[in-house]
Amino acid sequence: MQGSELTRAKVRSALVFLAPMLLALALAAGWPLGRTLWFAFTDATLTDTGSYAFVGFENFWNPDWGGLLEDANWWTAVGNTLYFTVLSVTLETILGVGIALALDVPFRGRAIVRAAVLIPWAIPTIVSAKMWGWMLHDQFGLINDLGMKLGLIDQPVAWMASSATALTAIVAVDVWKTTPFMALLVLAALQMLPRDIYEAARIDGIHPVRVFFRVTLPLIRPALMVAVIFRGLDALRAFDLMYAMTGNNESTMTMSVFARQQLVDFQDVGYGSAAAALLFVMVAVLTAAVLTLGRVRLTGGVR
Amino acid sequence: MMPRSLAGRVGFCALIAVIVLFSVFPFYYAVVSSFKTGSELFEVTYWPTFDMENYISIFTEQPFGRNVLNSVIVAFSVVALSLGLGVLASYALARVAFRGRGLLLVTILAVSMFPQVAVLSGMFEMIRAFGLFNSLPGLILANMVLTLPFTVWVLTTFMTELPKELEEAAFVDGATPLQVVRRVFLPLMGPALAATGLLAFIVAWNEFLFALTFTLSNEMRTVPVAIALITGATQYELPWGNIMAASVIVTVPLIVLVLIFQRRIVAGLTAGAVKG
């Protein structure tokens, strides 16, 4: 039959079309990831990745020097990463929903406002880090100047010097930078909602706050959950912001910063890979959970 | 629902003003700072002066021109490769029913989520083995892991939505699958290519971890790394004016692109992030 002949030809060419992409992905992702996972069980060093020995789980747990599971710095990094992820994603979600609700209202100049809101998202993370680093400067920074003029603080605060404020300041920068992303995703979901529900609610005289919690939030919940989960997975691997604002400082170090420091600065490929592998496993488990929960939605749309 | 009362309207306008100020002000302050030199930099002022000294000095005291060129080469190559490979692959994934397609899509999506640092040591070894350390091809290869999965994903989502009849008519006329991709789908994909291409460009332009780790010399750095590593002439000098000038140069093209392609980016983001 001609139809099945065409189907076979299509399947054949599909495989040919996929091959270059799969090769590129294998080269850029598959092979390096496999090697990293392998290195996690070796004592490889950066100076000579050619000669190393298999050491089993010694990078993770080691009777002589403890290994990753007894490394206080690693646990600090884990704590920082979780603190950063939970706090920044929570704040972004609340602010993002708020901004999206405001932008969902038709008003003159809305297009310009929406464009302005996108600006922080367009700015490279390193640039955001440097801009805010300058604004948070202990002696010449704008934040201290404003805070003193408004009477919020008595004397300049060295935001990035103390571990209590540095991580919170980093969260603030991340919230500034990624709230627009959240706001846009929520706005897209809001704009797909049927308008007549709101009309009905307004005529019935239901308070807007009640409408939000009873109608809007349940309707946008699926889109919001996806956005929150994806932002969360993104925050777990954060590197640029911390590295550019505080370098390898322990008090703000995330798991990615820790892994890179071991790998590059301390040349310990085995140990650094072990840390990277643990982070990978964490993200992979969460990703698998997300994909399983969202499976219908993700592949259901493909014809 | 626009508030009805006057107080409500004033409040709403104030809210919008706060949102805009919150979004725009930090970059405005960076621009203001970038024009300040010497001791001016250490006084907080809110209105700009125009002194180009910092802008000149980053190009004369640092190889910043070279850094910009590196970023341009890397970002354009990454975009071209991702789109080229992505268009072909997305046809296969969106329009052809074959076994394992669902699994493949999920795998591609999963790759876009794994942490960059997880490929760092393996990539380091590979780049050194290929002799690509401290070179732009090495960075291009590494950046593919960031851009290729979501490019394929977004283009697949887009191609799925195109009508079946278009393709069928071409096959009836005896076209090969490659001709169908080139003559039928490619012309329709302008908006999707622009959106994904721009997102890939932004990702590659901003990439930091690979560029920091796989380059060694000042001349091979891309702009984010160059900005992160700008130092003063002496260790007592605070080169904030230079850093801000470099930051403005790197960011202005992105802001212009984002403002021009605003709607398409939003469409691309929602296709790439909400659905995938």
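Looking up chain A in an unreviewed UniProt entry gives the name Sugar ABC transporter permease, with the organism given as Paroceanicella profunda. If you open the UniProt record of chain A and go to Sequence similarities (unreviewed entry), you find "Belongs to the binding-protein-dependent transport system permease family." According to UniProt, the comment filed for chain A under the heading Subcellular location (unreviewed entry) is "Cell membrane".

Draft legend 1. Expanded view of the environment of Leu27 of chain A. For Leu27 of chain A, the position within the fold is in helix α1 (residues 2–39). Using a relative accessible area of 34% as the deciding quantity, one classes Leu27 of chain A as partly exposed. In the structure, Leu27 of chain A is positioned 239 residues away from Phe266 of chain A in sequence and 26 Å away in space, judged by C-alpha atoms. Setting aside residues up to four positions removed in sequence, Leu27 of chain A forms contacts with Pro32 of chain A together with Met126 and Leu141 of chain B.

Draft legend 2. Spotlight on a nonpolar patch on the surface. Residue and element names in this part refer to chain A. There is a patch of nonpolar side chains on the surface, built from Trp61, Leu69 and Trp75 and spanning about 340 Å² of accessible area. Take Trp61: it is sitting in the loop between α1 and α2 (72–104). Given the relative accessible area of 47%, Trp61 is considered partly exposed.

Draft legend 3. Summary view of the UniProt feature "transmembrane region" (unreviewed entry) in chain A. Residue and element names in this part refer to chain A. According to UniProt, the positions carrying the feature "transmembrane region" (unreviewed entry) are residues 82–103, 115–137, 157–190, 211–233 and 271–293. The span residues 157–190 is 82% helix and 0% strand, and its two end C-alpha atoms sit 40 Å from each other. The span residues 271–293 carries 100% helix and 0% strand; its end-to-end C-alpha distance comes to 33 Å.

Draft legend 4. Geometry of the UniProt feature "domain: ABC transmembrane type-1" (unreviewed entry) in chain A. UniProt's entry tags residues 78–292 of chain A with the feature "domain: ABC transmembrane type-1" (unreviewed entry), counted in the numbering of this structure. Across residues 78–292 of chain A one finds 77% helix and 0% strand; the C-alpha atoms that close the span lie 25 Å apart.

Draft legend 5. Seen up close, helix α5 (residues 120–129) of chain B. Residue and element names in this part refer to chain B. A large share of α5 lies buried, amounting to 8 of its 10 residues. Of all the residues in α5, the buried ones are Leu120, Ser121, Gly122, Met123, Phe124, Glu125, Met126 and Ile127. Taken from the residues just after α5, Gly131 is the one with a positive phi, measuring 70°.

Draft legend 6. Structural detail: helix α10 (residues 255–265) of chain A. Among the 11 residues of α10 of chain A, 10 are classified as buried, and the element is accordingly described as predominantly covered. All buried positions along α10 of chain A are accounted for by Met255, Ser256, Val257, Phe258, Ala259, Arg260, Gln261, Gln262, Leu263 and Val264 of chain A. Along its buried surface, α10 of chain A packs onto α2, α9 (240–246) and α11 (269–293) of chain A together with α5 and α10 (209–214) of chain B. Following α10 of chain A by one or two positions, Gln267 of chain A has its phi on the positive side, about 60°.

Draft legend 7. Spotlight on the nonpolar core. Within the largest apolar cluster, 200 residues are counted, with the highest numbers of intra-cluster contacts made by Met21, Met131 and Met245 of chain A together with Tyr91 and Phe214 of chain B. By residue number, the principal contributor to this core is helix α6 (residues 163–190) of chain A, which donates 16 residues. Excluding residues that lie within four positions of it along the chain, Phe214 of chain B makes contacts with Leu120, Met123, Phe124, Ile127, Phe133, Asn134, Ser135, Leu139 and Ala142 of chain B.

Draft legend 8. Inspection of the environment of Tyr91 of chain B at higher detail. Turning to its location among the elements, Tyr91 of chain B is positioned in helix α3 (residues 64–95). Taking the C-alpha atoms as reference points, Tyr91 of chain B and Pro26 of chain B, 65 residues apart in sequence, are found 42 Å from one another. Contacts of Tyr91 of chain B, omitting those with residues within four sequence positions, involve Lys10 and Phe17 of chain A together with Val96, Met159, Glu167, Phe171, Pro177, Val180, Val181 and Phe185 of chain B.

Draft legend 9. Up close: the packing of aromatic side chains. All names here are of chain A. As enumerated under the stated definition, the model contains 28 aromatic pairs over all chains in all. An aromatic cluster of at least three residues, connected via ring pairs, comprises Trp65, Trp74, Phe258 and Tyr271. Taking NZ or CZ as reference, Arg35 lies 5.0 Å from the ring centre of Phe39, over its face.

Criteria and cut-off values
- Residues numbered from 1 in each chain as written.
- Chains lettered and ligands numbered in written order.
- Predicted model: local features only at pLDDT ≥ 70, side-chain atom pairs only at ≥ 80, totals over all residues.
- Heavy atoms only, no water.
- UniProt positions renumbered as here; feature names shortened; annotations may be inferred.
- Helix = DSSP H or I, 4+ residues; strand = E, 2+ residues; numbered from the N terminus.
- Buried < 20%, exposed > 50% of the residue type's maximum accessible area, 1.4 Å probe, protein only.
- Contact = heavy atoms within 4.5 Å.
- Patch = residues over 30% accessible without salt bridge, like charges linked within 9 Å, V, L, I, M, F, W, Y side chains within 5 Å.
- Areas by Shrake-Rupley, 256 points an atom, 1.4 Å probe, with all protein chains shown as cover.
- Salt bridge = Lys/Arg side-chain N within 4 Å of Asp/Glu carboxyl O.
- Core = buried A, V, L, I, M, F, W, Y, C linked by side-chain atoms within 4.5 Å.
- Phe/Tyr/Trp six-rings, centres within 6.5 Å; stacked < 30°, edge-to-face > 60°.
- Lys NZ or Arg CZ within 6 Å of the ring centre and 35° of its normal.

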